[in-house]
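# Remarks on the overall topology
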Amino acid sequence: MRRVKLDRIDRRILRDLQNDGRMTNVELARRAGISAPPCLRRVRALEEAGFIRGYHADVNPDALGFGVTVFAQVGLSSQAEADLKKFEELVNSWPLVRECNMLAGEYDFILKIVAEDWDDYQRFLTTKLTAAPNVAHVKSALSIRTSKHTPGVPIDVDSPDIPEGTEDDEDEDFVEDETETPARATRR
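Structure report, in brief. (Residues numbered from 1 in each chain as written. Predicted model: local features only at pLDDT ≥ 70, side-chain atom pairs only at ≥ 80, totals over all residues. Heavy atoms only, no water.)

This part takes up the overall build of the protein. Assigned secondary structure in the protein consists of five helices and four strands. Going from the N terminus to the C terminus, the protein shows its helices and strands as α-α-α-β-α-β-β-α-β. Buried residues in the protein amount to 33% of all 188 residues. Counted over contacts in the protein with a minimum sequence separation of 6, partners at least 24 positions apart contribute 75%. Summed over its atoms, the accessible surface of the protein is roughly 12,200 Å², and 50% of this surface lies on carbon and sulfur atoms. (Helix = DSSP H or I, 4+ residues; strand = E, 2+ residues; numbered from the N terminus. Buried < 20%, exposed > 50% of the residue type's maximum accessible area, 1.4 Å probe, protein only. Contact = heavy atoms within 4.5 Å. Areas by Shrake-Rupley, 256 points an atom, 1.4 Å probe, with all protein chains shown as cover.)

A separate point is the side chain of Thr69. Relative to the assigned elements, Thr69 resides in strand E1 (residues 68–76). Residues within four places of Thr69 in sequence aside, it is in contact with Lys112, Ile113, Val114, Ala141, Leu142 and Ser143.

Taking 1.5 Å of rise per residue, 12 residues should cover 16 Å, and helix H1 (residues 8–19) covers 17 Å from first to last C-alpha, within 8% of that figure. Regarding H1, the residues found buried are Asp10, Arg11, Ile13, Leu14, Asp16 and Leu17. Where the residues of H1 are buried, they touch helix H2 (25–32) and helix H3 (36–48). Of the residues flanking the start of H1, the one acting as N-cap is Asp7, its side-chain oxygen 3.1 Å from the backbone nitrogen of Ile9. (Expected span 1.5 Å × (residues − 1). Polar contact = N/O pair within 3.5 Å; in protein donor to acceptor, adjacent residues only side chain to side chain.)

A full pass over the atoms with the stated rule returns nine salt bridges. Across the salt bridge formed by Arg12 and Asp16, the nearest N and O atoms sit 2.9 Å from each other. Here Arg12 pairs with Asp16, and both are found in helix H1, just four residues apart, close to one helical turn. Residue Arg31 pairs with Glu27 through a salt bridge whose shortest N-O separation is 2.9 Å. A residue pair is termed a helical-turn pair when its members lie 3 or 4 positions apart in one helix, as Arg31 and Glu27 do in helix H2 at four residues. (Salt bridge = Lys/Arg side-chain N within 4 Å of Asp/Glu carboxyl O.)

Attention now goes to the sheet that holds E1. Taken in spatial order, the four strands line up as E2-E3-E1-E4 in an open sheet, and their pairing is antiparallel. This sheet does not close on itself; its edge strands, each paired only once, are strand E2 (97–102) and strand E4 (135–142). The mean inter-strand angle of the sheet, taken between neighbouring strand axes irrespective of direction, is 20°. Pairing analysis gives seven bridges linking E1 to E4, with the strands arranged antiparallel. Counterpart to Phe71 in the pairing with E4 is Ala141. Here helix H4 (residues 81–92) sits on the sheet in contact with E1, E2, strand E3 (109–115) and E4, set at roughly 10° to E3. (Pairing = 2+ DSSP bridges. Axes fitted to C-alpha atoms, helices over the stretch in contact; angles between N-to-C directions.)

On to the packing of aromatic side chains, then. Here the structure, examined in full by the defined rule, presents three aromatic pairs. Aromatic side chains Trp94 and Phe124 sit 5.3 Å apart centroid to centroid with 90° between the ring planes, which places their arrangement in the edge-to-face category. One end of the pair, Trp94, is in the loop between H4 and E2; the other, Phe124, is in helix H5 (residues 118–129), with 30 residues separating them in the sequence. You'll find Trp94 and Phe124 in the same group, each marked buried. A centroid spacing of 5.3 Å and a plane angle of 40° characterise the contact between Trp118 and Tyr121, whose relative ring orientation is tilted. Taken together, the residues Trp118 and Tyr121, both in helix H5 and three residues apart, mark about one turn of the helix. Looking at Trp118, the relative accessible area reads 35%, which means it is partly exposed. In this structure Tyr121 comes out as buried when scored by relative accessible area, which is 1%. (Phe/Tyr/Trp six-rings, centres within 6.5 Å; stacked < 30°, edge-to-face > 60°.)

Purely spatial values, then, with no claim about function.
Now the structure itself:
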């Protein structure tokens, strides 16, 4: 992953794509105040540099029959790095687990789990999660409702450039010639 210095246009592109990943390159360029070809080059450079990990749809779980969301706090018997990695690998194989975060504190992990209903979650809990090697205890918290769901991170378009020392020695800005004429460029 290349390290780069982000300018205001790059931050604007990131913010707009984070808010609407289906935005056309032409609309993205218009909002960023540049033409389409340099906008597309910037998006590709941001992808290659690892700032953009991918594009996906925000799917409604209820519409697909997943009416229950549970946050499970998991404590392991051993916190040796090999045991932590084995647990993370196992969790990655379970489709109902949508997020897994390692924690500092009383519990080792918190899992976000979706299920069709409470019985479906209990089956997962007893046959998969508590039956997993090295799992010492699990504390489940049923989500009543989600009042905020904002993926990503806050991006301040007007913030100063990323501090020195975080980019390559070549001082790679994504500054392009914004005078190019728009083309039929599209994002991947």
